[in-house]
Amino acid sequence: MTPVKFLLCFHHSLPLSMAEVRAFVMSMMILLVTLASFAGAADPDPLTDFASSTAENNFPYHYPKPQQQQSPDSSKFVVRDVFKNGDVSNGPGGVRAGLSTKIFPAMDSQGLTYVHFNMTPCGVNLPHTHPRATEMLTMVSGGPLQVGFVDTEGKPHINVLHPGDVTIFPRGMLHFEVNVGTEQAFYISALNSQNPGTLTSGGALFNVPARALAAALNQDLASVSKIKDTIFKYSSQLQMTPPNTCVPGKDVTTTF
């Protein structure tokens, strides 16, 4: 039973069997699921196995030559030592090493971004959002790691992660990570877009005009100017929490 036939029968008040009604309902459910899958995708589906630039014969400069014998193209799908050959940023709070299509062309059209973190005790990944991607974070070792996000109703969802734990930050939600432990925290994040975008909350907020900022913080202009002079510059680096706000291994909780 096609949707067109069903509508014609319904319009002309023609009798329908239960089997025909079930067939119509099933076809509409399949259609709705298919449309939902298209609407929910962060990136378009790839049209080929991998981007054509990945299969070129020239050996990209950022791929270390493999020591062992491999098939001609296999090395193009591997990045060795991401903390050396990835997109590395060293900050006061630790090291961030990411992969992108520029660093790793094999990711092109695959709809993902991948980042490794080595965060020092009391290091922090400043509150930020990814407007085009959901993020899944896996805690590998060290820590523990305080993480969380705030939803569109203003409700915080805060957790403490230990090695082997996994959490998710829904697309566009403001989120953060702080190493509240005594050991370096190693964790990995995967995002379902090759261009997720990153908007740091403090850096973005303090780029709006002073009057709007003062209204948002309910402060006078002088107080806003004083805060603005001390805020972290807009950057992807891991930072350290301010003095006296974090003691490694102390206050390992979701409420502080």
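Remember, it's a predicted structure, so these values are computed and weren't measured experimentally.

A. Molecular detail of the overall build of the protein. Within the protein, the regular secondary structure consists of 6 helices and 10 strands. Per-residue burial for the protein yields a buried fraction of 33% across its 256 residues. Accessible area of the protein: about 15500 Å², with a carbon and sulfur share of 61%.

B. Broad picture of the nonpolar core. Counting 16 residues, the largest nonpolar core has Met-119, Leu-137, Met-139, Leu-145, Leu-161, Ala-185 and Tyr-187 as the members making the most contacts within it. Among the secondary structure elements, those contributing two or more residues to this core are strand E3 (113–119), strand E5 (135–150) and strand E8 (174–191). It is E5 that contributes the most residues to this core, 5 residues altogether. Aside from chain neighbours lying at most four places away, what touches Leu-145 is Met-119, Leu-137, Met-139, Asn-159, Val-160, Leu-161, Glu-177, Val-178, Asn-179, Ala-185 and Tyr-187. If you look at the next biggest cluster of nonpolar residues, it comprises 8 residues, including Ala-97, Leu-99, Ile-103 and Phe-104.

C. Molecular detail of the side chain of His-116. Among the structural elements, His-116 can be located in strand E3. Classification of His-116 by relative accessible area gives buried; the value is 14%. Setting aside anything within four residues of it in sequence, one finds His-116 in contact with Val-82, Phe-83, Val-95, Arg-96, Ala-97, Phe-186, Tyr-187 and Ile-188.

D. Seen up close, unusual backbone geometry. A cis amide bond links Gly-143 with the next residue in sequence, Pro-144, at an omega value of 5 degrees. Tracing the sequence through the fold places Pro-144 in strand E5. Even without being a glycine, Ser-109 presents a positive backbone phi close to 75 degrees. If you trace the backbone, Ser-109 turns up in the loop between strand E2 (94–99) and E3. What makes Ser-109 partly exposed here is its relative accessible area of 25%. The phi dihedral of Cys-122 falls on the positive side, at around 70 degrees, and the residue is not glycine.

E. The packing of aromatic side chains, seen in detail. Under the definition given, this model contains 2 aromatic pairs. Arranged with centres 6.3 Å apart and planes meeting at 55 degrees, the rings of Phe-83 and Phe-186 form a pair that is tilted. Here the residue Phe-83 occupies a position in helix H3 (residues 82–85), and Phe-186 occupies one in strand E8, the gap between them amounting to 103 residues. Taken together, a centroid distance of 4.6 Å and an interplanar angle of 10 degrees make the contact between Phe-117 and Tyr-187 stacked. Residue Phe-117 is located in strand E3, and its partner Tyr-187 is located in strand E8; the two are separated by 70 residues in the primary sequence. When its relative accessible area of 4% is taken as the criterion, Phe-117 is described as buried.

F. Main features of the environment of Cys-246. Of note, Cys-246 is situated in the segment after strand E10 (239–240). Taking the C-alpha atoms as reference points, Cys-246 and Gly-123, separated by 123 residues in sequence, lie 9.1 Å from one another. Ignoring anything within four residues of it in the chain, the contact list for Cys-246 reads Cys-122, Asn-179 and Thr-241.

G. Structural detail: the confidence of the model for the protein. Across the protein, the average pLDDT comes to 81, with 74% of residues at 70 or higher. Model confidence for the protein, summarised as mean pLDDT per element, is weakest for helix H1 (residues 3–11) at 49 and strongest for strand E7 (residues 166–169) at 98. Contacts for the low-pLDDT stretch residues 35–39, under 50 throughout, to residues beyond four places or in other chains number 1 contact. Here residues 54–72 is a poorly scored stretch, pLDDT under 50, and it has 35 contacts once near neighbours within four places are set aside; other chains count.

H. Structural view of the state of the cysteines. Summed over all chains, the structure comprises 1 disulfide. Here Cys-122 connects covalently by a disulfide to Cys-246, the sulfurs 2.1 Å from one another. Across the disulfide from Cys-122 to Cys-246, rotation about the S-S bond amounts to roughly -85 degrees, and the bridge is consequently left-handed. With a gap of 124 residues between them, Cys-122 in the loop between E3 and strand E4 (123–129) and Cys-246 in the segment after E10 connect regions that are remote in the sequence. Pair check on accessibility: Cys-122 and Cys-246 agree, each one buried.

Quick notes on the rules
Numbering of residues starts from 1 in every chain and runs along the sequence as written. Local features are withheld for residues below a pLDDT of 70 in this predicted model, meaning they are given only at 70 or higher, and side-chain atom pairs are given and counted only at 80 or more; totals for whole chains, interfaces and linings count all residues. Calculation of side-chain values draws on the structure's entire complement of heavy atoms; hydrogens and water are dropped beforehand. Elements are defined by DSSP. Helices are runs of H or I of four residues or more, strands are runs of E of two residues or more, and each kind is numbered from the N terminus. Exposed residues in this analysis have more than 50% of their type's maximum accessible area, buried residues have under 20%, and partly exposed residues fall in between, with area computed by a 1.4 Å probe over protein chains only. To be clear on the numbers: accessible area is Shrake-Rupley with a 1.4 Å probe, and residue cover counts the displayed protein chains and nothing else. Among buried residues, those of type Ala, Val, Leu, Ile, Met, Phe, Trp, Tyr and Cys that are joined through side-chain atoms within 4.5 Å constitute a nonpolar core. Note on contacts: a residue pair qualifies if any of its non-hydrogen atoms lie within 4.5 Å across the two residues. Pairing of aromatic side chains here covers Phe, Tyr and the six-membered ring of Trp, requires ring centres within 6.5 Å, and sorts the geometry by plane angle: under 30 degrees stacked, over 60 edge-to-face, intermediate tilted. On a scale of 0 to 100, pLDDT captures the predictor's confidence in every residue. By disulfide we mean two sulfur atoms from cysteines, separated by a distance within 2.5 Å.

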